[in-house]
Amino acid sequence: MNLFTRKYYLNPDTLRVERVRLNRDQKIRFGVICTVGLISLAVLMRHGFERNFPTPRQIIYEKENTVLRSEYASMNSELHEVESQLSELRNRDDLFYRAILSLEPIPSSIREAGTGGSETNIHLRSIREPGMVMDVSDRIRKISNRVDIQSNSLVNVYKEAVTSQQFLACRPSINPISPADPTWLTSSYGYRNDPFTHRRMAHNGIDIAGRIGTDIHATGNGTVITAKMSRYGYGREVKVDHGFGFITIYGHLEDINVRVGQKVKRGEVVGTLGNTGRSTGPHLHYEVRKNGHTVNPMYFFYENLTSDEYTVLASRAIFPGSPYQPVAMSQK
Amino acid sequence: MASSKFKFNPEDLNYDKLDDSLGARIWRIVIYVAAIVVIAVLLNVIYSLFFDTPRERQIRRENELLLEQYESLSERKQMVDTVMQEVQRIDKDIYRVIFDTEPVESRVDSDVGHTYKNLLQTSDEKIVAVTASRLDSMIGQDNKTAPFYDVLMVKGANRSEMLPAIPAIQPIENPDMTLIASGYGYRIHPIYKISKLHTGIDFSAPVGTPIYATGDGVVETATRSARGLGNRIVIDHGFGYKTLYACMDELNVRSGRTVKRGDLIGTVGDTGLSVAPHLHYEVHLNGEPVNPINYFFLELSPKDYDRLILISMMSGQSFD
């Protein structure tokens, strides 16, 4: 290696061997050439390198980027899942619940409300393919709108459903006397010849004749508002307020089993059949009033209960915890 | 510096002449260049340790933005999920209040293929052989089955008349199986809240939804009533089959009318002992109610059929 060894030369002026020394200009020139060469080379290398090979850090960043993008993709698919759940809920809401509860379906104009006018995020412009991010953000915005609407809708539906169930539980819907007990309808609703005056008079309820002491059951859930005895009119009489404008009256009772203010369930025994008051024989006078007007009680019970089913229903009124036992099974 | 250069040799304390040939000069230049290249590479490495390349900077910025956006989005998503869970809870509550049972999951994972896999895997010849041997044994059996076989033969003979007559479609349009609410069997009565035999299928649908005859036949009765089954139509299909459509709103046919499968006979209503607008549909065979689910075979794929069975079984409460 002769680069770093000291070099000497024969100086013809002094005739001495002297060290080879560069003067200032030469040094500067040498330095400049080296530096320029070095820098231009470095810059060229850098450019060439960057163009053709990713730097290690770039690879790391790219990996991060890929991970982030896959996160977006998975969020997108999760959102897709939420969307399909929402559609399912919406179907159930509109086609099922609202149909069953006779509510108007929510118009799609309201359901799709607030989906226009997407917020353009300036920052997102510096992202390659910003569509993905925008997609997710748009989706979330739409979904949160839809979820809000769905939630409000379902809360309403829930209230309606509870009310309708209460209504079904309270509305007079059964025969006040079990089909197991021998009864016969002696006088129906409407005009008839009065047994006392023998003149045509309106009959506000129905008369069911039977044995004295036969259990009389409440025909719907409600509160006893009258439990009185009188020698006239309906004699011993129980009045039950079922809410929703419904009141039922059980007249000519032998015994009264309930007190005023007592809550009764459908099927619960309110008294026993008798012959008290203005009556010509043992029978129950059963009357249904809706919003203050009497209506035909025949429309408020459906004779499709067998005596066993009736027993189950009546016992459930007393033991509400008892499970729904299939009647046919309990027979066997 | 045209004169030659010397090198001090410490061993013999003499000045040796340096090799001044072309090769040596080139060699020297190469070494200089190599040194410069090495330094340039080092510089590059050092530079990249402290500064990002533009590309790196771009990706890093992008990553930051993506992360920032992702965080805000996932926060919002979390909120959506929370509300969604709440909504689904309410939904279940409603379902429970109305039907006394859990809702059917729409994505039924029932592996329909499984049911038919065995059949599909078996070769046709094998199936034919097994069927033939079964038939043979059936015919060969005692007198008990012989009449049955005769009936089959007779039925086969007027099959062309029987096929259009047997109820074989759903009485209302129900493409997504979203309508059916309660099937055949013991169901909790919506009013009495006790278990009662439900002898038909209830399709919940809004009032006014068209109802179609499910097979060819003659309208036996078309009755209006405010009680029991409400406005109802009975169609006699012959061959022992009758269908009943109850709780209807409008009746479009009168008794005695001949109807074809798919004819509009009326609309869904809420009449009679009904707690919600629905169609109560019954199929009677020889005077006995049978499960109508077995009489939708014309329009259902095996998958839909499985789903229908599941839905009709799951609902705990009927509508009338």
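Residues numbered from 1 in each chain as written. Chains lettered and ligands numbered in written order. Predicted model: local features only at pLDDT ≥ 70, side-chain atom pairs only at ≥ 80, totals over all residues. Heavy atoms only, no water.

Caption draft 1: Layout of the interface of chain B and chain A. With 88 residues of chain B at the contact, the number on the chain A side is 96 residues. Both sides together, the interface formed by chain B and chain A hides about 8300 Å², and carbon and sulfur atoms give 66% of it. Where chain B touches chain A, the interface holds five salt bridges. When the shortest N-O distance is used, the salt bridge between lysine 77 of chain B and glutamate 78 of chain A registers 2.7 Å. (Contact = heavy atoms within 4.5 Å. Buried area = accessible area lost by both parts, 1.4 Å probe. Salt bridge = Lys/Arg side-chain N within 4 Å of Asp/Glu carboxyl O.)

Caption draft 2: Summary view of the packing of helix 4 (residues 131-170) of chain A against helix 2 (residues 54-99) of chain B. Contact pair helix 4 of chain A / helix 2 of chain B: the axes reach a minimum separation of 8 Å and the direction vectors enclose 20°. Classified by the angle between their axes, helix 4 of chain A and helix 2 of chain B sit roughly parallel to one another. Both helix 4 of chain A and helix 2 of chain B take part in a crossing whose hand is left-handed. (Axes fitted to C-alpha atoms, helices over the stretch in contact; angles between N-to-C directions. Helix = DSSP H or I, 4+ residues; strand = E, 2+ residues; numbered from the N terminus. Parallel < 35°, antiparallel > 145°, perpendicular 65-115°, else oblique. Left-handed = near helix turned anticlockwise from the far one by under 90°.)

Caption draft 3: Seen up close, the nonpolar core. Counting 36 residues, the largest nonpolar core has Tyr97 and Ile100 of chain A together with Ile94, Ile98 and Phe99 of chain B as the members making the most contacts within it. Elements with a contribution of two residues or more to this core: helix 2 (56-100) and helix 4 of chain A together with helix 2 of chain B. In terms of residues, this core owes the most to one element, helix 2 of chain B, which gives 13 residues. Contact partners of isoleucine 94 of chain B, with chain neighbours within four places excluded, come to Tyr97, Leu154, Val157, Tyr158 and Ala161 of chain A. Residues Ala205, Ile211, Val259 and Leu308 of chain B belong to the second largest nonpolar core, which totals 31 residues. (Core = buried A, V, L, I, M, F, W, Y, C linked by side-chain atoms within 4.5 Å. Buried < 20%, exposed > 50% of the residue type's maximum accessible area, 1.4 Å probe, protein only.)

Caption draft 4: Highlighting the pattern of salt bridges. Under the defined criterion, the tally for this structure stands at 20 salt bridges over all chains. The partner of arginine 98 of chain A in a salt bridge is aspartate 93 of chain A, with the nearest N and O atoms 3.1 Å apart. Assigned by exposure class, arginine 98 of chain A and aspartate 93 of chain A land together as buried. Between glutamate 220 of chain B and lysine 242 of chain B there is a salt bridge, and its shortest N-O distance comes to 2.9 Å. Of this pair, glutamate 220 of chain B sits in strand 8 (residues 217-223) while lysine 242 of chain B is found in strand 10 (residues 241-251), placing the two residues 22 residues apart along the sequence. Assessed through its relative accessible area of 35%, glutamate 220 of chain B is described here as partly exposed. Through salt bridges with shared partners, a single ionic network connects Glu86, Arg89, Asp93 and Arg96 of chain B.

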